[in-house]
Structure formats: structure tokens, C-alpha cells
Amino acid sequence: MQAVVLYESLYGNTREIAEAVAEGLRERGEVVVLDVAGASPDALAGADLVVVGGPTHVHGMSSELSRKGAAEDAAKRAAKAAAEGADAPPAPHVEGPALRTWLDRLGRVEGVRAATFDTRIGKPKLLTGSAEKGIARRLRHHGFEVAAEESFVVEDSAGPLAAGERERARAWGAGLA
């Protein structure tokens, strides 16, 4: 099995989940893990399974506008922390296209199995929303056969991952294989 795990991660939490999913998948085949910031759609060629994940922003997938808002919010929090003599919170990684933009540029792919995941704050999906549904919808639009969708929980928007989520992601990846 050839698998590609493609992700967008602003604070490193989604990247950590992507890497854990890849660990589980490696039990059954070769896996490439790619950040959308440096990935070409050609990177999916030849894959038997494509796993795509991203953070939940404003109840759905991130966009250029929501990423800009995250960067502005982080700058405000950093300024406040500096004024209080505290450590600055992490700044989001907003280089490259947002996952939504990357997927919109993707061409037609027929018959490739896919799975989606997101990271979101640990409250009911009704309150937080979920990016995995939008990712799945876009993948289906491009011809993928979406077989699984999952959410992984972070403590707050900048993380860290909730206890046990990395292990759960690894097990989910093994199950996908």
C-alpha cells in the first residue's frame, strides 16, 4: 500500500496527528507525510490511500481569511503577554496556501480511497464545527472515495493535544491500513 498523509497545521497539533496517523499506516505500507505549504497536487499520484487533515477554523476548514485572523489574534496575545512580562503564546504557521485553497486547485482523481481528519477544541461539534466534513466533501467532489472521517481534540486553539489523542490517531491510522 502506498499512502499519502497531507495536512495543514497552524500550531503543530494537526502535524502531530498527521505524523501519528502515518505511524499507524506504516504497519501496512509506505507512507509520505506532506504539509500543504510545500506539496504539489502531483504528490498524490500513485497513492492507494490519501489521508487529509486540517484544523477547524470558524466552524469549518481554514481559509486565507481565517488564517489571517489567527495571526492577528496571536499578535494581540503576544503583545498582551509582553506587556505583562509573560511568555508569548505560539504564533501560527500561515505560510503557503490554506488547505481549502489547496484542495480547490486539485484536479480530478478517480477511484482513490481517502480519509479525513481535523483537530478541534474539545466541545460538542455543534459548538465548534468540524473541518473534516468540508475536507471530505471537497475530496468527493474531486472523485475520491472517502472511507473514514475523524476528529482529534486539542485543549485550546493553540494546543496542546488532549491526553491520549496522539495514541488514538496512531490506532486510527493502523485501522485505515
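Placed above this text is the structure.
Treat the numbers as computed from the prediction; the structure is a model and nothing was measured. Each chain has its residues counted from 1, following the order in which its sequence is written. Residues qualify for local features only when their pLDDT is at least 70, as the model is predicted, and side-chain atom pairs are given and counted only at 80 or more; totals for whole chains, interfaces and linings, by contrast, use all residues. Values reported for side chains reflect all heavy atoms of the structure, with hydrogen atoms and water molecules removed beforehand.

1. Topic: the layout of surface pockets
Roughly 410 Å³ of volume is contained in the largest pocket. Of the two site types, the cavity is a set of points on a 1 Å grid over the protein atoms alone where a 1.4 Å probe fits but cannot get out, and the pocket is an open set with protein on both sides within 12 Å along at least five of seven lines, each lined by residues with an atom within 4 Å of a point. The wall of the largest pocket is formed by 20 residues, among which Pro55, Thr56, His57, Ile121 and Ser157 lie closest to the centre. Numbering of helices and strands runs from the N terminus; a helix is a DSSP stretch of H or I covering at least four residues, while a strand is a stretch of E covering at least two. Looking at the lining of the largest pocket, the elements that each hand over two or more residues are α1 (13-25), β3 (49-57), α2 (64-83) and β5 (113-121). The leading source of residues in the lining of the largest pocket is α2, at 4 residues. Classification convention: Asp, Glu, Lys, Arg as charged; Ala, Val, Leu, Ile, Met, Phe, Trp, Tyr, Cys, Pro as nonpolar; all other residues, Gly among them, as polar. Per-class residue counts for the lining of the largest pocket are 7 nonpolar, 10 polar and 3 charged. Grid points are joined across faces, edges and corners, and a volume is the space filled by probe spheres set on the points.

2. Topic: the environment of Val5
Along the chain, Val5 turns up in strand β1 (residues 2-7). Contact between two residues is taken to exist if any of their heavy atoms lie within 4.5 Å; hydrogens are not considered. Each residue touching Val5, except ones within four places of it in the same chain, is listed here: Ala18, Val21, Ala22, Leu25, Val31, Val32, Val33, Leu34 and Val51.

3. Focus: the packing of aromatic side chains
Aromatic ring pairs are described here by two measures, namely the spacing of the ring centres and the angle between the planes. Aromatic rings from Phe, Tyr and Trp, taking only the six-membered ring of Trp, are treated as a pair when their centres fall within 6.5 Å; an angle between ring planes under 30 degrees marks them as stacked, one over 60 as edge-to-face, and anything in between as tilted. According to the stated counting rule, one finds 3 aromatic pairs in the structure shown. With a centroid separation of 6.1 Å and an interplanar angle of 75 degrees, the aromatic rings of Phe117 and Phe152 are classed as edge-to-face. Placement of the pair is Phe117 in strand β5 and Phe152 in strand β6 (residues 145-154), with a sequence separation of 35 residues. Exposure categories follow from relative accessible area, calculated using a 1.4 Å probe and restricted to protein chains: below 20% of the type maximum is buried, above 50% is exposed, and the middle band is partly exposed. Residue Phe152 is classed as buried on the basis of its relative accessible area of 0%. A connected cluster of aromatic rings, assembled from ring pairs, spans Phe117, Phe152 and Trp172.

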